[in-house]
Each structure stands twice: as C-alpha cells, then as structure tokens.
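The primary structure of each chain is shown beneath.
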Amino acid sequence: MKIAKITLFVVSILALGVFLLVNQMTPIPGTSSGNGNPALLIAWILIPLLIFMVILWVRIFRVHSISNTVFIISIFGILVHLTVAFFYQKNELNEYRQVIKDALIKRNGVADAEYIQSITSGLSFHVNNQYFNINTYFMFVTFSIFVAIVYTLWDLWEKKEKSQQ
C-alpha cells in the first residue's frame with residue numbers, strides 16, 4: 001500500500017510539473033505567433049496520468065475501509081469544489097481578457113473585441129495559463145478522486161448485488 005501512496009505522490013508531482021510547464025508556454029498579453037500551440041504536445045500526457053491516478057486512488061480506497069456514507073459525502077464535497085473552481089476560473093478568464101485588451105490598446109491604440117474573443121477561446125496558446133494553473137491542477141486531482149470514488153462505490157454495489165443473488 002505504501003508503494004501505491006508513494007507512486008500517487010510522484011504521479012501528482014509529475015502532473016503538477018506538466019501543468020506548470022504548459023502554463024509557462026503562454027505568451028505575454030498583446031503578442032502574437034503563428035506557430036500554433038506547442039503546449040498541446042505536452043498536455044496530452046495528462047490523460048494517461050489521470051487514468052493512472054484513478055487506478056492508484058481505487059487501490060488505496062480498497063485497502064482502507066471507508067464507509068459508503070463518507071464516499072457519498074465526499075462526492076458532494078468534490079462537486080461543490082469543482083463547481084466553485086470552475087466559476088472561479090471562468091471569472092479569471094474574463095479578467096485575463098481585460099488584461100489582453102489593455103495590452104493591445106497600449107501596443108496598438110485599439111483592441112478588437114472579436115479578436116480578443118477568438119484568441120481566448122478554444123485551444124489557443126493565449127489561454128494556456130487559464131487552462132493550466134494551480135486551480136485547474138487541483139481540479140484535475142479532485143476529478144481523479146471523484147472518478148475513483150464513483151468507480152469504487154459502483155464496484156462495491158455490484159459485488160453486494162451479486163452476493164445477494
């Protein structure tokens with residue numbers, strides 16, 4: 001069990017490193033580049049890390065006898081956390097759009113609202129710091145715990161159902 005916990009810690013630190021690296025690949029507001037978003041080449045690593053984290057959480061949950069009540073309360077707590085973090089991030093994006101607008105006005109004397117919207121939507125490299133930061137890292141970790149809890153509960157309920165038949 002100790003190995004699973006240490007591995008989870010290492011994987012979490014690795015994921016944090018990916019988040020921080022991609023965050024650093026955001027250009028200074030008001031600058032432009034035609035090279036696409038090279039951070040996407042690094043960010044894909046988070047998918048297998050998420051899956052591995054869920055597996056490790058499930059292993060940890062199976063060893064420790066955690067009641068269904070604690071799991072259900074945790075699910076609600078996690079959903080509250082993810083909701084608050086999502087709205088916080090949405091607010092941060094709106095503030096960042098204002099920062100970009102101010103930078104463009106300072107550089108060009110004018111800022112096109114449609115241009116600002118287009119560069120701050122989707123997978124633009126202008127918003128790497130909005131998608132990959134400490135808040136979204138904690139959302140990532142919390143989501144891995146959420147998936148592990150849901151899987152663990154589902155597995156427990158299935159086993160209980162089979163044993164009753």
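In what follows, the accompanying structure is described. (Residues numbered from 1 in each chain as written. Predicted model: local features only at pLDDT ≥ 70, side-chain atom pairs only at ≥ 80, totals over all residues. Heavy atoms only, no water.)

**Considerations on helix α4 (residues 68-108)**
Phase 1 of the analysis: End to end, α4 covers 59 Å across 41 residues, agreeing with the expected 60 Å (1.5 Å per residue, within 8%).
Phase 2 of the analysis: Every buried residue belonging to α4 is among Phe71, Ile75, Ile78, Leu82, Ala85, Gln89, Leu93, Tyr96, Arg97, Ile100, Ala103 and Leu104, and all of these are buried.
Phase 3 of the analysis: Buried residues along α4 sit in contact with α3 (46-63), α5 (113-119), α6 (128-131) and α7 (134-164).
Phase 4 of the analysis: In the stretch just after α4, Gly109 is the one whose phi turns positive, near 85°. (Helix = DSSP H or I, 4+ residues; strand = E, 2+ residues; numbered from the N terminus. Expected span 1.5 Å × (residues − 1). Buried < 20%, exposed > 50% of the residue type's maximum accessible area, 1.4 Å probe, protein only. Contact = heavy atoms within 4.5 Å.)

**Quick notes on the side chain of Asn133**
Phase 1 of the analysis: If you trace the backbone, Asn133 turns up in the loop between α6 and α7.
Phase 2 of the analysis: Classification of Asn133 as buried rests on a relative accessible area of 13%.
Phase 3 of the analysis: Among all residues touching Asn133, those that are not within four sequence positions of it are Phe19, Asn23 and Gln89.

**Topic: the packing of α4 against α7**
Phase 1 of the analysis: Packing of α4 against α7 leaves a shortest axis separation of 9 Å and a crossing angle of 150°. The angle between the axes of α4 and α7 places the two elements in the roughly antiparallel class. The crossing of α4 and α7 is left-handed.
Phase 2 of the analysis: Residue classes in the contact of α4 with α7 are distributed as 19 nonpolar, 8 polar and no charged. (Axes fitted to C-alpha atoms, helices over the stretch in contact; angles between N-to-C directions. Parallel < 35°, antiparallel > 145°, perpendicular 65-115°, else oblique. Left-handed = near helix turned anticlockwise from the far one by under 90°. Nonpolar A, V, L, I, M, F, W, Y, C, P; charged D, E, K, R; others polar.)

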